[in-house]
Amino acid sequence: MSDAIRINARIATMAEEDGYGIIENGALQVRDGKIAWIGTMDDLPDAPEKLGGKVIDMQQRWITPALIDCHTHLVYGGNRSGEFEMRLNGATYEEIARAGGGILSTVTATNAASEETLYQSALKRLQALAAEGATTVEIKSGYGLSTKGEAKMLRVATRLRDETGLRILRTFLGAHALPPEYKEDKDGYIDLVCNDMLPEIAAENLADAVDAFGEKIAFTPQQVARVFDTAQKLGLPVKLHADQLSDQGGGGLAADYAALSADHIEYTNEESIRKMAAAGTVAVLLPGAFYFLKETKKPPVDLLRKHGVRIALATDCNPGSSPVTSPLLMMNMGCTFFGLTPAEALAGMTRNAAKALGIEKECGTLEKGKSADFAVWDIDRPAELSYHIGFNPLQEAVHCGKTLPLQNG
């Protein structure tokens, strides 16, 4: 359904910095895929039936911006349930690695899979996200670790964008892990990323942004800086897996490059947070990985609030550390694990997630002129979206003015 006016709604615009931006007894008009009018029923410029399009009575249901999952690794081959079981049966990480587990097992499975196989498996995960109201999803590469493999993953992400009609943002994450052939030559692999992978990915227009994993077990700040320098020369914005396992100054490094976001950031220090605030870099919290890995170090939410850094939430959907396809569960975990308020959690999956992708002028809040991306919920108050566990109150998801089919896998 495209042109329509929804009346008798309760609306959380998320357009205010604090709170939900609630409009009681509200109306929302869609025309040509955009929000043409939003406000109270009392302020409507004319009778609803005279404003054009179908009139839909919301019967006091809630309308929020559609959810945005701003950090996923949605495209991958195989899964790692076997090593999950091994770990629970007492196997160490070293034993799992010797048995062929770990991230390189996903790299092997992803490189062995056809594009069609990767597409079909990723489509199911994407449908699960959409079934909970997500109409915008970021998808990273990072399991190819070669020019051919990374390009294949990004072509799958592009096909998901083109064939589902959802808003898909593609992120090149070549600097994710070290392939076996470069085991003793980290700088040589970064040479490959900068001199071969990135130029080809950019030339084929396969990426909207560039990411890297900055950590002791991954790449040094100097190596990440080389990737970011190359990305910026190619006109691509950057983001960073930062300070997840230790304080490597990743939040500050991201800010130095005006990164869209610094993600994970459990160990980020206050000086880095100050720099993130000055640069407008969003902090993306990933409670699914925190939960699945049984971490105990929480991200510094109070410091983020103190310095005015915007906080986003995402699923981090991936086979090794966050096999999660529930944005609503991430909102609950953001509250229960990290101490976010329900309003902060919803902002983290809407307004701030849009900023973390550089598309805040397009979506993330319900305002006149923005894309008509919204979700209709059968709830009594917005806090229910963070309150329930395993219950989905979504009634309708609308992307660019069109109602999506509600399906899950």
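Residues numbered from 1 in each chain as written. Predicted model: local features only at pLDDT ≥ 70, side-chain atom pairs only at ≥ 80, totals over all residues. Heavy atoms only, no water.

Some details on the overall build of the chain
Argument step 1. When helices and strands are counted, the chain shows 15 helices and 16 strands.
Argument step 2. Scaling as 2.2 N^0.38, a compact globule of 409 residues should have a C-alpha radius of gyration of about 22 Å, and the chain matches this with 21 Å.
Argument step 3. Overall size of the chain, expressed as C-alpha extent along the three principal axes, is 70 × 50 × 45 Å.
Argument step 4. Per-residue burial for the chain yields a buried fraction of 58% across its 409 residues.
Argument step 5. The long-range share in the chain, meaning contacts at least 24 apart out of those at least 6 apart in sequence, stands at 70%. (Helix = DSSP H or I, 4+ residues; strand = E, 2+ residues; numbered from the N terminus. Rg over C-alpha atoms; globule rule 2.2 N^0.38 Å. Buried < 20%, exposed > 50% of the residue type's maximum accessible area, 1.4 Å probe, protein only. Contact = heavy atoms within 4.5 Å.)

Considerations on the packing of helix 5 (residues 147-164) against helix 6 (residues 186-203)
Argument step 1. Where helix 5 contacts helix 6, the two axes come as close as 9 Å, and the packing angle between them is 30°. Considered as vectors, helix 5 and helix 6 are oriented roughly parallel to each other. Between helix 5 and helix 6 lies a crossing whose hand is right-handed. Along the contact surface, helix 5 presents Thr-147, Glu-150, Ala-151 and Leu-154, while helix 6 presents Asp-196, Met-197, Glu-200 and Ile-201.
Argument step 2. For the contact of helix 5 with helix 6, the residue count by class is four nonpolar, one polar and three charged. (Axes fitted to C-alpha atoms, helices over the stretch in contact; angles between N-to-C directions. Parallel < 35°, antiparallel > 145°, perpendicular 65-115°, else oblique. Left-handed = near helix turned anticlockwise from the far one by under 90°. Nonpolar A, V, L, I, M, F, W, Y, C, P; charged D, E, K, R; others polar.)

Overview of the pattern of salt bridges
Argument step 1. With the rule as written, the count across this model stands at 23 salt bridges.
Argument step 2. Of the charged contacts, one joins Glu-24 and Arg-10 as a salt bridge, the two residues approaching to 3.0 Å between their closest N and O atoms. Here the residue Glu-24 occupies a position in strand 2 (residues 22-31), and Arg-10 occupies one in strand 1 (residues 4-12), the gap between them amounting to 14 residues.
Argument step 3. Where Arg-80 meets Glu-83, a salt bridge forms, and the shortest distance between an N and an O atom there is 3.2 Å.
Argument step 4. Judged by relative accessible area, Arg-80 falls into the buried class, the value being 13%.
Argument step 5. Connected via shared salt-bridge partners are Glu-138, Lys-140, Asp-211 and Lys-239. (Salt bridge = Lys/Arg side-chain N within 4 Å of Asp/Glu carboxyl O.)

Section: the state of the cysteines
Argument step 1. The final tally for this structure, using the stated rule, is zero disulfides.
Argument step 2. Looking at Cys-363, it has no disulfide partner, and the nearest cysteine sulfur is the one in Cys-400, 8.6 Å off.
Argument step 3. Look at Cys-363 and you get buried, because its relative accessible area is 3%. (Disulfide = S-S within 2.5 Å.)

Digging into the pairing of strand 12 (residues 282-285)
Argument step 1. Here strand 12 shows a buried face lined by Val-282 and Val-284 and a second buried face lined by Ala-283 and Leu-285.
Argument step 2. Here three bridges tie strand 11 (residues 261-264) to strand 12, and the two strands are oriented parallel to one another. Bridging from a neighbouring strand, Ala-262 pairs with Ala-283 of strand 12.
Argument step 3. In this fold, the crossover linking strand 11 to strand 12 by way of helix 9 (residues 270-279) has right-handed handedness.
Argument step 4. As judged from the three bridges shared by strand 12 and strand 13 (residues 311-313), these two strands associate in the parallel manner. (Pairing = 2+ DSSP bridges. Right-handed = clockwise from strand over helix to strand, strands pointing away.)

Observations regarding the nonpolar core
Argument step 1. Core analysis: the biggest nonpolar cluster contains 95 residues, and Leu-160, Phe-172, Val-227 and Met-331 have the highest contact counts within it.
Argument step 2. Broken down by element, this core gets its largest block of residues, eight residues, from helix 6.
Argument step 3. Setting aside residues up to four positions removed in sequence, Met-331 forms contacts with Leu-67, Leu-313, Ala-345, Leu-346, Met-349, Leu-385 and Ser-386.
Argument step 4. Counting 16 residues, the second-largest nonpolar core is a separate cluster that includes Ile-23, Leu-366, Ala-372 and Val-376. (Core = buried A, V, L, I, M, F, W, Y, C linked by side-chain atoms within 4.5 Å.)

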